[in-house]
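# Results of the structural survey
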Amino acid sequence: MSTHDTDAHPRFAEALRELGLEVPVRRFPDATRTAAEAAAAIGCDVSEIVKSLIFEADGVPVLVLMDGSSRVDVERVRQELGAESVRRANADLVRETTGYAIGGVPPFGHATRTRVLADRGLLDHDVVWAAAGTPHTVFPLDPKTLIAHAGGTPVDVRERTA
């Protein structure tokens, strides 16, 4: 199955070509900005969705890849990075760093190189789904390959459930 270049964001389609990745990009008529919306549209479990989240660690953008059913523990990210402070990036910094708007940020193919932390929970799945550069598009990939292409370090940064 070939990638439909028209469905993926052009920057992301280019990243796929550069990486030699052939993935089926699925387009939905309605935006799937949240993990729950994406899971419902795909018909998969919400934990199989990859959220690509930008944080600011001491003013430096960092990408955190997290499964759709979990939340990032900012304190664990801070410890992992040895940073003074970590906070969610605002929409402008997300767009500036990645080249994409919140709700469509893919795990790789960004405008700038950033440090990437990937929560180990993603490795619990055979296939995960991530945004293909727009809130309307997703693609499937095995998590090891996805994390490798993102340049991610597997870490434990999810909030622990009580």
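Structural data are supplied above this passage.
For clarity, every value in this text was computed on a predicted model and none was experimentally measured.

## With respect to the overall build of the protein
- Along the protein, the regular secondary structure elements total five helices and eight strands.
- Counting helices and strands in the order they occur from the N terminus, the protein gives α-β-α-β-β-α-β-α-β-β-β-α-β.
- On C-alpha atoms alone, the protein measures out to a radius of gyration of 15 Å, which is about the 15 Å that the 2.2 N^0.38 rule sets for 162 residues.
- Across its three principal directions, the C-alpha atoms of the protein cover 45 × 35 × 25 Å.
- The buried share of the protein, reckoned over its 162 residues, is 52%.
- Look at the contacts in the protein between residues 6 or more apart in sequence, and 60% of them connect residues 24 or more apart.
- Summed over its atoms, the accessible surface of the protein is roughly 8,100 Å², and 47% of this surface lies on carbon and sulfur atoms.
- Taken as two groups, the 18 positive and 24 negative side-chain charges of the protein have centres that lie 2 Å from each other.

## Quick notes on the side chain of Thr32
- Within the secondary structure layout, Thr32 lies in the loop between strand 1 (26-27) and helix 2 (35-42).
- Those residues in contact with Thr32 that lie beyond four places of it in its chain are Glu37, Ala38, Ala41, Gly103, Pro135 and Val138.

## Considering the environment of Gly68
- Structurally, Gly68 can be placed in the loop between strand 3 (60-67) and helix 3 (74-81).
- The class of Gly68 is buried, set by a relative accessible area of 13%.
- Linking Gly68 and Ala131, residues 63 residues apart in sequence, is a C-alpha distance of 12 Å.

## Some thoughts on the environment of Leu117
- Examined against the element boundaries, Leu117 turns out to sit in strand 5 (residues 115-119).
- Since its relative accessible area comes to 0%, Leu117 is described here as buried.
- Between the C-alpha atoms of Leu117 and Val77, which are 40 residues apart in sequence, the distance is 8.3 Å.
- Leave out the neighbours within four places in its chain, and Leu117 touches Val62, Leu63, Val64, Leu65, Val77, Glu80, Leu81, Thr153 and Val155.

## Re unusual backbone geometry
- Even without being glycine, Asp58 reaches a positive phi, approximately 50 degrees.
- In this structure, Asp58 sits in the loop between strand 2 (49-57) and strand 3.

## Quick notes on the packing of aromatic side chains
- In the structure shown here, the tally under the stated rule is three aromatic pairs.
- A ring pair is formed by Phe12 and Phe108, whose centres lie 5.5 Å apart and whose planes are at 35 degrees; its orientation type is tilted. Of the two residues, Phe12 is situated in helix 1 (residues 10-19) and Phe108 in the loop between helix 4 (91-98) and strand 5; the sequence distance between them amounts to 96 residues. Side by side, Phe12 and Phe108 carry an identical accessibility label, which is buried.

## Some words on the pattern of salt bridges
- Under the criterion given, the structure shown has seven salt bridges.
- In this structure, Arg120 engages Asp156 in a salt bridge whose closest nitrogen and oxygen atoms are separated by 3.2 Å. With Arg120 in the loop between strand 5 and strand 6 (128-131) and Asp156 in the segment after strand 8 (152-155), this pair connects stretches of sequence that are 36 residues apart.
- The exposure class assigned to Asp156 is partly exposed, which follows from its relative accessible area of 39%.
- Each of Asp67, Asp119 and Arg158 takes part in a single network of salt bridges with overlapping partners.

Cut-offs and rules
Residues numbered from 1 in each chain as written. Predicted model: local features only at pLDDT ≥ 70, side-chain atom pairs only at ≥ 80, totals over all residues. Heavy atoms only, no water. Helix = DSSP H or I, 4+ residues; strand = E, 2+ residues; numbered from the N terminus. Rg over C-alpha atoms; globule rule 2.2 N^0.38 Å. Buried < 20%, exposed > 50% of the residue type's maximum accessible area, 1.4 Å probe, protein only. Contact = heavy atoms within 4.5 Å. Areas by Shrake-Rupley, 256 points an atom, 1.4 Å probe, with all protein chains shown as cover. Lys, Arg positive; Asp, Glu negative; His and termini not counted. Charge placed at Lys NZ, Arg CZ, Asp CG, Glu CD. Phe/Tyr/Trp six-rings, centres within 6.5 Å; stacked < 30°, edge-to-face > 60°. Salt bridge = Lys/Arg side-chain N within 4 Å of Asp/Glu carboxyl O.

On their own, these measurements won't tell you what the molecule is for.
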